[in-house]
Protein chains: 2
Amino acid sequence: MREITEDLLDDMARGAGILGTGGGGDPYVGKLLAREAIRRHGPVPLYSIDEVPADATVVPISTMGAPTVMLEKLPAGTEELAVLRALEAVIGRPATHIVPIEIGGMNSLIPIAAAAQAGLPLVDGDAMGRAFPEAQMVLPTLMGVRNTPMALADDKGNTLVVDAVSNHWAEKIARAACVRMGCQLSSADTVLRGSQLRDGLVPATLTLAEDLGRAVRLARAAHSSPVGAALAVLDGTELFAGKVVDVERRTTGGFARGTARLESSHGALELSFQNEHLLASRGGRTVATTPDLICVLDTESGEPVTTEALRYGLRVTVIGAPCDPRWRTPEGLELAGPRYFGYDCDYEPLAGRPS
Amino acid sequence: MREITEDLLDDMARGAGILGTGGGGDPYVGKLLAREAIRRHGPVPLYSIDEVPADATVVPISTMGAPTVMLEKLPAGTEELAVLRALEAVIGRPATHIVPIEIGGMNSLIPIAAAAQAGLPLVDGDAMGRAFPEAQMVLPTLMGVRNTPMALADDKGNTLVVDAVSNHWAEKIARAACVRMGCQLSSADTVLRGSQLRDGLVPATLTLAEDLGRAVRLARAAHSSPVGAALAVLDGTELFAGKVVDVERRTTGGFARGTARLESSHGALELSFQNEHLLASRGGRTVATTPDLICVLDTESGEPVTTEALRYGLRVTVIGAPCDPRWRTPEGLELAGPRYFGYDCDYEPLAGRPS
């Protein structure tokens, strides 16, 4: 056990922004919420998966919606406790721990705020090892764990509880409500017992985010390459470095979808995203796909660039990093591989591919 | 107390179809479901409002959606008990009585099926005295009674429970989920205590539906005017008799919206509907508007013609009938008057208007 204190949040937010592969929401907003909650309620105990009792009730808390909307429509700050209480009422027992559903931007920091507000400890890990756009895209789905009951709340005080026949249906229903309720909801779903954490989570990803964020910051301070530091921590591959020359983006169906085109003297790279970067290609040839991580960093500062922040003229470096091996199984690829998202290509693991 | 037996369903369905002002869903489907449930579980006790104890827990059960969809996509027959149980779990006490939320087509007969399945008695009344398209358009809203918690269930086994900050928000959220879940959901909402029934319900409307349906049937058998019989029971006004010459209809936003044009040698009438008929006009002059009842009957048989069944060539008579007086108050008109639906006209009470 260690404690998440205010001084760790900058690094965590930076690292989570990178691991979020462009999605998960603006880490800056999440950092403000987490900082405010820690200032008010004190540091948050962070437990490794091994330290959590088998009978613990571990509740993931996250924000669902389109990051393009979250940029302008800030959470009220009351939604996290509202969904937690709504979920507890349905499952009939109190949460003992909070955990991020994904490691990615805002959604890695919102659970810190929620844990502080609820006076609960946090678990060091998440259910994706990156960020994915849809609620069923979590390792617990691969275990047969249901993501319902799913409690949702908006900034106005509306709440709903979904109980669905499949994790995909829960996503569909929640997304429809989300769009109608302002394209930003807090969610508490995919409750895990402590005994399920090893299979249901990627371990120690909050610590990874912190390490990654720190490495980037220290490299910058030492005038060495922040991108190089990120690559070293992630065991990643540089896919492209260049300038953003075109962004096509629309907020539709509860997601921020679009493409971005990068150019350099060495050619061009196209990125396709649905909240998160899902496909990187050069001249029609795929160079990286979901579920591997495709992360966009500001080339000079190493700061993460979320999909909603992509804009003409930004000089960025795109890096790829291997996903958790469970995503590379046939079941994992069916859930979050390129064909699920409608891309007509097979997944090829990133490692071992010529960069 | 009396009993609803199978032999009453034909008349009730016919009368409810007329009172539903074109909406509420196809009464034939509702009749089949009610008949099946009565055959399996026995007759349903029907209590007048005065017979219900003050501490009773009275639960309205209905189907939400677009009648155009309900025509083709039949309920599974399991949704009513699913929403009842989901609602009971949230409110923490069992229902003691079932009641229709509206008197209108399928939604007057579904509660009979639900009561039979649940082994509960039914209350003779409804929360509108007609059918309206949106969930907040009930007399309990005028009393300040919340329509949430609202339990919803689809034919696949998905359920959700909405808890909203206003009755309008509950409608918005439920409608969005409804569209995504196939445009047809069962709903249990707007729970009333027995002591609230006098203000929250229009009394004895199931009996009115039965009387109306019987009068039409008997008139037909006696070769007198079925429409005349309906007018007598409803204290109604004949607005127009003619042939349907044009129907423009679209299923959008979870509703069946559109217009129909009727012609005769005496001129033309235009009907505008959103599930229910909301406005009747002749040459741009309004002749009847919501919240008064605008009912379309087959001229020869007196059978109700729902908005989704309107089609070229049908010979119909349009009749108007006064709504419950509570809808004519400023608060009632704000909730369900013509301006709420976007029509640029004031409400003029139907009675006393030249026909």
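See the structure above.
Conventions we followed
Residues numbered from 1 in each chain as written. Chains lettered and ligands numbered in written order. Predicted model: local features only at pLDDT ≥ 70, side-chain atom pairs only at ≥ 80, totals over all residues. Heavy atoms only, no water. Salt bridge = Lys/Arg side-chain N within 4 Å of Asp/Glu carboxyl O. Helix = DSSP H or I, 4+ residues; strand = E, 2+ residues; numbered from the N terminus. Buried < 20%, exposed > 50% of the residue type's maximum accessible area, 1.4 Å probe, protein only. Expected span 1.5 Å × (residues − 1). Contact = heavy atoms within 4.5 Å. Buried area = accessible area lost by both parts, 1.4 Å probe. Polar contact = N/O pair within 3.5 Å; in protein donor to acceptor, adjacent residues only side chain to side chain. Pairing = 2+ DSSP bridges. Axes fitted to C-alpha atoms, helices over the stretch in contact; angles between N-to-C directions. Least-squares fit on C-alpha atoms with pLDDT ≥ 70 in both. Phe/Tyr/Trp six-rings, centres within 6.5 Å; stacked < 30°, edge-to-face > 60°. Lys NZ or Arg CZ within 6 Å of the ring centre and 35° of its normal. Parallel < 35°, antiparallel > 145°, perpendicular 65-115°, else oblique. Left-handed = near helix turned anticlockwise from the far one by under 90°. Nonpolar A, V, L, I, M, F, W, Y, C, P; charged D, E, K, R; others polar.

Observations regarding the pattern of salt bridges
Taken as a whole, this structure holds 42 salt bridges over all chains when the rule is applied. In this structure, R40(A) engages E36(A) in a salt bridge whose closest nitrogen and oxygen atoms are separated by 2.9 Å. With R40(A) and E36(A) both in helix α2 (residues 27-41) and four residues apart, the pair spans about one turn of that helix. Where R14(B) meets D11(B), a salt bridge forms, and the shortest distance between an N and an O atom there is 3.0 Å. In this pair, R14(B) and D11(B) both sit in helix α1 (residues 9-19), three residues apart, roughly one turn of the helix. For R14(B), a relative accessible area of 10% gives the class buried. Under the relative-accessibility criterion, D11(B) is labelled buried at 6%. One salt-bridge network, in which partners are shared between bridges, spans D11(A), R14(A), R217(A), R220(A) and E303(A).

Here's the deal with helix α4 (residues 79-91) of chain A
All names here are of chain A. The terminal C-alpha atoms of α4, which comprises 13 residues, lie 18 Å apart, in line with the 18 Å expected from a rise of 1.5 Å per residue. Within the span of α4, buried status applies to E79, E80, V83, L84, A86, L87 and E88. Where the residues of α4 are buried, they touch β3 (57-65), β4 (97-100), α5 (106-118), β7 (150-153), β8 (159-163) and β9 (184-188). Just beyond α4, the residue with positive phi is G92, at close to 75°.

Description of the interface of chain A and chain B
In this complex, chain A contributes 17 residues to the contact, which on the side of chain B involves 17 residues. Summing both partners gives a buried area of about 1600 Å² for chain A against chain B, and 63% of it is carried by carbon and sulfur. Together, N158(A), W169(A) and R180(A) form the three largest contributors to the area buried by chain A at its contact with chain B, with a combined 31%. Taken together, the connections running from chain A to chain B amount to zero salt bridges. For the pair chain A and chain B, the number of links is five residue pairs in polar contact (both at pLDDT 80 or more). Of all the elements in the fold, those that place two or more residues in the side of chain A that touches chain B are β8 and α7 (167-180) of chain A. Tallying contributions element by element places α7(A) first for the side of chain A that touches chain B, with six residues.

Some points on the sheet that holds strand β12 (residues 237-252) of chain A
All names here are of chain A. Read across the open sheet, the seven strands follow the order β16-β15-β14-β13-β12-β18-β17; overall the sheet is antiparallel. Looking at the sheet topology across the chains shown, the edges are occupied by β16 (285-289) and β17 (293-298). Averaged over all adjacent pairs, the angle separating strand axes in this sheet is 35°, with direction ignored. Along the sheet, helix α10 (residues 226-234) contacts β12, β17 and β18 (315-321); its crossing angle with β18, the most-contacted strand, is approximately 10°.

Notes on the relation of the copies chain A and chain B
Overlay of chain A on chain B (RMSD 0.0 Å): rotation 180°, translation along the axis 0.0 Å. Such values leave the two copies arranged in the relation of a two-fold axis. Within chain A, V161(A) has its C-alpha nearest the rotation axis, a separation of 2.5 Å.

Thoughts on the packing of aromatic side chains
Tallied over the full model, the rule gives four aromatic pairs over all chains. Pairing Y340(A) with F341(A) gives two aromatic rings, centres 5.4 Å apart and planes at 90°, and the pair type is edge-to-face. What makes Y340(A) partly exposed here is its relative accessible area of 32%. Residue classification places F341(A) among the buried residues on the basis of a relative accessible area of 13%. In this structure, K172(B) is placed above the aromatic ring of W169(B), and the distance from its NZ or CZ to the ring centre is 4.3 Å.

Some words on the side chain of D154(B)
All names here are of chain B. Structurally, D154 can be placed in the loop between β7 (150-153) and β8 (159-163). In this structure D154 comes out as buried when scored by relative accessible area, which is 2%. Looking at D154, its side chain comes within polar contact range of the main-chain nitrogen of K156, at 2.9 Å. Of note is the side chain of D154, whose polar atom sits 2.8 Å from the backbone nitrogen of N158. The residues contacting D154, other than those within four sequence positions of it, are E79, M181, Q184 and L185.

Details of the sheet that holds strand β16 (residues 285-289) of chain B
Residue and element names in this part refer to chain B. With respect to topology, seven strands assemble into an open sheet ordered β16-β15-β14-β13-β12-β18-β17, the strand pairing being antiparallel. Bordering the open sheet on either side are β16 and β17 (293-298), each of which pairs with just one other strand. Pairwise comparison of adjacent strand axes, ignoring direction, gives a mean angle of 35° for this sheet. Contacting β12 (237-252), β17 and β18 (315-321), helix α10 (residues 226-234) crosses the sheet at an angle of about 10° to β18.

A word on the packing of α2(A) against α5(A)
Residue and element names in this part refer to chain A. Axis separation between α2 and α5 bottoms out at 8 Å; the angle between their running directions is 15°. Classified by the interaxial angle, the pair formed by α2 and α5 is roughly parallel. At the point where α2 passes α5, the crossing takes the left-handed sense. On α5, the residues that touch P27, V29, G30, K31, L33, A34, A37, I38 and H41 of α2 are M106, L109, I110, I112, A113, A116 and Q117. Classifying every residue of the contact of α2 with α5 gives twelve nonpolar, three polar and one charged.

Examining the environment of C183(B)
All names here are of chain B. Within the secondary structure layout, C183 lies in the loop between α7 (167-180) and β9 (184-188). Put simply, C183 and T329 are 146 residues apart on the chain and 32 Å apart in space, counted from C-alpha to C-alpha. Setting aside anything within four residues of it in sequence, one finds C183 in contact with M64, G65, A66, V69, C178 and G254.

Function cannot be inferred from these measures alone, as they are strictly geometric.
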